[in-house]
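Read off the chains here:
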Amino acid sequence: MVGVSAPSSPTPALTVNDVTVRFSGLTALDSVSFAVEPGSVHAVIGPNGAGKSTCFNVLSGVYRASAGSIRFGDAELTGLAPHAVAGLGIARTFQNLALPAHTTVADSLLLGRHRLMRYGFLAAGLRLPAAAREERRHRERVREIAEFVGLEGDLAAPAGSLPYGRQKLVELARALCMEPRLLLLDEPVAGMTADERQRTAAVIAGVRDGLGISIVLVEHDMGVVMRLADAVTVLDFGRRIGGGTPAQVQNDPAVVRAYLGEEEPAA
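Source: prediction; values computed, not measured. Every chain is numbered independently, its residues counted from 1 as its sequence is written. Note on the predicted model: pLDDT of at least 70 is required for a residue's local features to be given, and 80 or more for side-chain atom pairs to be given and counted; whole-chain, interface and lining totals, by contrast, use all residues. Processing note: side-chain calculations cover all non-hydrogen atoms of the structure and skip hydrogens and water entirely.

**Comments concerning the environment of A50**
Then, number 1: In this text, helices come from DSSP runs of H or I with a minimum length of four residues, and strands from runs of E with a minimum of two, each type numbered from the N-terminal end. When you line up the elements, A50 lands in the loop between β3 (41–45) and α1 (52–59).
Then, number 2: Relative accessibility thresholds used throughout: buried, under 20% of the residue-type maximum; exposed, over 50%; partly exposed, between the two (1.4 Å probe, protein chains only). Since its relative accessible area comes to 0%, A50 is described here as buried.
Then, number 3: Counting along the chain gives 21 residues from A50 to L29, while the straight-line C-alpha distance between them is 8.5 Å.
Then, number 4: Two residues form a contact once any of their heavy atoms are found within 4.5 Å. In contact with A50, not counting residues within four places along its chain, are A28, L235, D236, F237 and G238.

In structure tokens:
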């Protein structure tokens, strides 16, 4: 990864242990467990309604688990607010774009640096010398990350003026600007053309291989999952029904039944 270094502290494992999430009597996740090894891509897949979005929301602090434990190294995530989870070096993207349409790509990426800024936007707006120096350093980092994901030519453009696939790349780059140790990607190639999917998958592989950042990936495109994932967890109706390498999962009868609705074989 040219011009972009790995996180300053080692990436720990993420361990999800017997996590249950309930909403008014509805069990959205039921005793789900899996582990994400440092520097790996771990895909969470399943049919619609399987609990994938709930899983992401509980990992990022949007939802609180009713039971179970989520640990990132020595840190217990269960019960932490989203900003506290982000403070531990966990960044996420969203299935639906959440970019300010009229803000330039450069400024959109700079928003991802906010938690790393000592002086903040008010001091920068007042043109305090120390704040100005800090902003220059952060903008240089933004330029490096934009170059890595292939957005260096779009930094001055309004984010909303870019094609959909490139807007999705802006969101990924903004998450990288947080200098995460763990990246949660919610359907990063959804709605993209075949070429855009291929380019984005290459960026994601580069994040893992070049930076050693762990990635949890929710994605419906099984071609991308099978190419990128080191390990896969399969959910169905809130339960973990399978897991392993992509090849193991692809040949698991329980997984095939969940996706294709095949009946149990006769005794």
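**Quick word on helix α7 (residues 194–211)**
Then, number 1: For α7, spanning 18 residues, the distance from its first C-alpha to its last is 25 Å, which sits close to the expected 26 Å at 1.5 Å a residue.
Then, number 2: Taken together, the buried positions of α7 are occupied by E196, T200, A201, V203, I204, A205, G206, V207, R208 and L211.
Then, number 3: Trailing α7 by a residue or two, G212 shows a phi angle of about 70°, which is positive. Working rule for helices: expected span equals 1.5 Å times residues minus one.

**Overview of the sheet that holds strand β1 (residues 14–23)**
Then, number 1: Read from one edge to the other, the open sheet built from 4 strands follows the order β2-β1-β4-β5, with strand pairing classed as antiparallel. With one partner strand each, in any of the chains shown, β2 (26–36) and β5 (75–76) form the two edges of the open sheet.
Then, number 2: Pairing between strands is defined by DSSP: at least two bridges between the two strands are required. Here 2 bridges tie strand β4 (residues 67–72) to β5, and the two strands are oriented antiparallel to one another. Bridge pairing links R71 to E76 in β5.

**Observations concerning the nonpolar core**
Then, number 1: Here, the term nonpolar core denotes a set of buried Ala, Val, Leu, Ile, Met, Phe, Trp, Tyr and Cys residues that are joined through side-chain atoms within 4.5 Å. L109, L176, L183, V207, I215 and V232 are the most contacted members of the largest nonpolar core, which has 49 residues in total.
Then, number 2: Leave out the neighbours within four places in its chain, and L176 touches I145, F148, V149, L183, V207 and I213.

**Some remarks on the pairing of β4**
Then, number 1: Strand direction decides the pairing type here: β1 and β4, joined by 5 bridges, are antiparallel. Residue V16 lies in a different strand from β4, and its bridge partner there is I70.
Then, number 2: Turn length for the β4-β5 hairpin, with the two strands adjacent in sequence and antiparallel, is 2 residues, and the turn residue G73 shows positive phi of about 65°.

**Thoughts on the environment of T20**
Then, number 1: Position of T20 relative to the elements: it lies in strand β1.
Then, number 2: Judged by its relative accessible area of 4%, T20 is buried.
Then, number 3: Considering only alpha carbons, one finds T20 and S69, 49 residues apart in sequence, at a separation of 9.1 Å.
Then, number 4: When neighbours within four sequence positions are excluded, T20 is seen to be in contact with T27, L29, D30, S31, A65, S66 and A67.
Then, number 5: At 3.0 Å, the side chain of T20 forms a polar contact with the backbone nitrogen of S31. Under this definition, polar contacts are N or O atom pairs within 3.5 Å; protein pairs additionally need one hydrogen-donor-capable and one acceptor-capable atom, and for neighbouring residues in sequence, both atoms have to be side-chain atoms.

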